[in-house]
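Structural overview for review
In case you want the letters, here they are:
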Amino acid sequence: MVNVAYLYPWDVVGDPSAPRRLAELGVEAVALAASYHSTRAATPYHPAHRVLDVPYPAFYLPIRESSWGRLVPAAPTWTPADAYLQARDALKAVGLKVHAWTVLTHNSRLGAAHPDLVVRNAFGDAYPYALCPSHEDVIEYCENLVREILDLGEPDGLILEACGPMGFGHTSVHEKTSGADWTPADTDLLSLCFCTNCASRYPEPTRFVIRSAIDRTTPTPTPDGTAPTPRTNGTTTAPTTNGTTTNSTTNGTTKDSATDGSATDSATDGRKATPATSGAPTSPAAKARTTGPTARSTPATPPATGPTTVDQALGDLADEVREIRTALTTTLRRRLISVARRTAPNVPITVHANPDPWATGAFAPLPAGDPDVDVLVGNCWGAPATDAARLTRLGELATASQRVGAYVLALPPRPADAEVLADQLRTYAKAGAAEFHLYHAGLASPHRLQALTKALNLYRELR
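In this text, all values refer to a predicted model and were calculated from it rather than measured experimentally.

Attention shifts here to the overall build of the protein. Within the protein one finds 13 helices and 20 strands. In the protein, which comprises 463 residues, the proportion classed as buried is 56%. Of all intrachain contacts in the protein linking residues separated by at least 6 positions in sequence, the fraction that spans at least 24 positions is 73%. On the protein, roughly 18000 Å² of surface is accessible, and the fraction owed to carbon and sulfur atoms is 53%.

Structural data, given as structure tokens:
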């Protein structure tokens, strides 16, 4: 069993006691953030501070301007520009391997500066924290990120997070979305991108079907897909040519939706924990579809409570939309793997993955597996049984030489209880986990870190 503790560079830089504390935790490696989004982090061990505000996403290695294209990451001001290198050297000095924890499409600073490159939902609303991988500029940025990290950082491993599109779920500053009572299916629908590059890829009625499902109305697009969809509040919405929407009210006035790409930064990824799925369509309409786009029927009127799954909401469109969505992630992942193998052929590649084909966020969809990845890590922040099912599904997708990792939460709401944590580790191991990725060795209190250390020892004794 390989144990990997996740860590920020500022947890080590300026704290000479950090490397030994990490080594005593009982891990073989550290996942050290090389590129990370904004956050507000507790630093319970650091001699200089207890809370660190990280106001924007940053790159923690020296930025060589000639190595970047249109999108250039920002350097931090709250820690040295080469913080990754300083932390890496200190950790390796005590015998720990250092993997480069790389956040890819989650970047509110770049999204705010380049609103034409961000995810937009079916209503045209922009998600400035979410760079859409349908754009070549975004893919090239991710390629440059991987190349620079491997070239400058010389890590023992590469960990890819948000290796696909971000979606609706995002814990931003003063998040005020829960009162809408959107269901998990609704948030998945609101995660489908309709930016200028994505919108044209979908079959014509898709936007209207999604809007109708969210607003609990009946989709009534014309054959060319341009008719407005009635809303329950008496307004209508119609798409503009740039992928945004214009709202027309019954009094004849109009109001354009915001397109300025104003940003909100996140502390954590907000994607819900969902049960593993095989990617097979679940609705009768989707299962019945056999003759292509011309055979589609109009989906049924959404119930008052909304559809329970994306497949139910999309009906006969589900297969095609699913294929389009997963293809975006597949293209990004394969291009990054290609760059990584050319730059550092012997460095193992880990991907944060979700077998759910509709997944968005930190754990990108991987419904068919990928034989070129070394480790597939699944999120284990929810109910242990659900998490275990997800790990089992990843194991079914993995090749004989691949390993499955469990992304284990050691922070609230998990208890600081060694027995409980050890039991969860055993559950994940039985589900196929060969690695424990422990979140988070810098954010956890001394009491929690002690419980985690004891839990790892208990697991070793009783497995």
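This paragraph deals with the pattern of salt bridges. Pairs can form between side chains of opposite charge once their charged atoms are near each other. Under the definition given, this model contains 18 salt bridges. Measuring nitrogen to oxygen at the nearest pair gives 3.2 Å for the salt bridge that ties D387 to R390. Of this pair, D387 and R390 both sit in helix α11 (residues 384–397), three residues apart, which is roughly one turn of that helix. A relative accessible area of 0% places D387 in the buried class. Residue classification places R390 among the buried residues on the basis of a relative accessible area of 1%. One network of salt bridges, with partners in common, ties together R64, E148 and D151.

Glancing now at the nonpolar core. What tends to happen in soluble globular proteins is that the nonpolar side chains get buried as a cluster. One finds W101 and F436 to be the most contacted residues of the largest nonpolar core, which totals 106 residues. Per-element tally for this core: the top contributor is helix α4 (residues 136–153), with eight residues. Listed in part, the 31 residues of the second largest apolar core include A122, A162, A313 and L314.

Turning our attention to the packing of α4 against helix α10 (residues 318–343). Remark: α4 packs on α10, axes separated minimally by 9 Å, with the N-to-C direction vectors making an angle of 30°. Considering their axes alone, α4 and α10 lie roughly parallel with respect to each other. Crossing of α4 over α10 shows right-handed handedness. Judged by residue contacts, E136, I139, E140, C142, E143, V146, R147, L150 and D151 of α4 engage T331, L332, R335, L336, V339, A340, R342 and T343 from α10. Class assignment of the residues belonging to the contact of α4 with α10 gives a composition of eight nonpolar, two polar and seven charged.

Inspection of the secondary structure puts T453 in helix α13 (residues 446–462). A distance of 2.9 Å separates a polar atom in the side chain of T453 from the backbone oxygen of L449.

Every α-helix carries 3.6 residues per turn, so stepping three or four residues along brings you back to the same face. A large share of helix α7 (residues 206–215) lies buried, amounting to ten of its ten residues. The set of residues buried in α7 consists of T206, R207, F208, V209, I210, R211, S212, A213, I214 and D215.

Residues T39 and A41 point to one face of strand β3 (residues 39–42) and are all buried, whereas R40 and A42, pointing to the other face, are not buried. The sheet contact formed by β3 and strand β4 (residues 51–54) spans four bridges and is antiparallel. Bridge pairing in β4 places R40 opposite D53.

The next point concerns the packing of aromatic side chains. Applying the stated criterion across every chain, the model contains 21 aromatic pairs. Chaining the aromatic ring pairs together yields one cluster made of Y6, Y8, W10, Y36, Y56, Y60, W78, W101, F363, W381, Y407 and Y439. Over the ring of F208 we find R211; its NZ or CZ atom is 5.9 Å from the centre of that ring.

Their axes nearest at 8 Å, the elements helix α12 (residues 418–430) and α13 cross at an angle of 50°. On the basis of their axis angle, the class for α12 and α13 is oblique. Remark: the crossing between α12 and α13 carries right-handed chirality. Side by side, α12 and α13 meet where A418, E419, L421, A422, L425, R426 and A429 of the first sit next to A451, L452, K454, A455, L456, L458, Y459 and L462 of the second. When the residues that make up the contact of α12 with α13 are grouped by side-chain class, the tally is twelve nonpolar, no polar and three charged.

A few words on the state of the cysteines. Under the criterion given, the structure shown has zero disulfides. Left unpaired, C142 is separated from the closest cysteine sulfur, that of C163, by 7.3 Å. Looking at C142, the relative accessible area reads 0%, which means it is buried. Considering cysteine sulfurs only, C193 is the nearest to C195, which forms no disulfide, with 3.6 Å between them.

Parameters at a glance
Residues numbered from 1 in each chain as written. Predicted model: local features only at pLDDT ≥ 70, side-chain atom pairs only at ≥ 80, totals over all residues. Heavy atoms only, no water. Helix = DSSP H or I, 4+ residues; strand = E, 2+ residues; numbered from the N terminus. Buried < 20%, exposed > 50% of the residue type's maximum accessible area, 1.4 Å probe, protein only. Contact = heavy atoms within 4.5 Å. Areas by Shrake-Rupley, 256 points an atom, 1.4 Å probe, with all protein chains shown as cover. Salt bridge = Lys/Arg side-chain N within 4 Å of Asp/Glu carboxyl O. Core = buried A, V, L, I, M, F, W, Y, C linked by side-chain atoms within 4.5 Å. Axes fitted to C-alpha atoms, helices over the stretch in contact; angles between N-to-C directions. Parallel < 35°, antiparallel > 145°, perpendicular 65-115°, else oblique. Left-handed = near helix turned anticlockwise from the far one by under 90°. Nonpolar A, V, L, I, M, F, W, Y, C, P; charged D, E, K, R; others polar. Polar contact = N/O pair within 3.5 Å; in protein donor to acceptor, adjacent residues only side chain to side chain. Pairing = 2+ DSSP bridges. Phe/Tyr/Trp six-rings, centres within 6.5 Å; stacked < 30°, edge-to-face > 60°. Lys NZ or Arg CZ within 6 Å of the ring centre and 35° of its normal. Disulfide = S-S within 2.5 Å.

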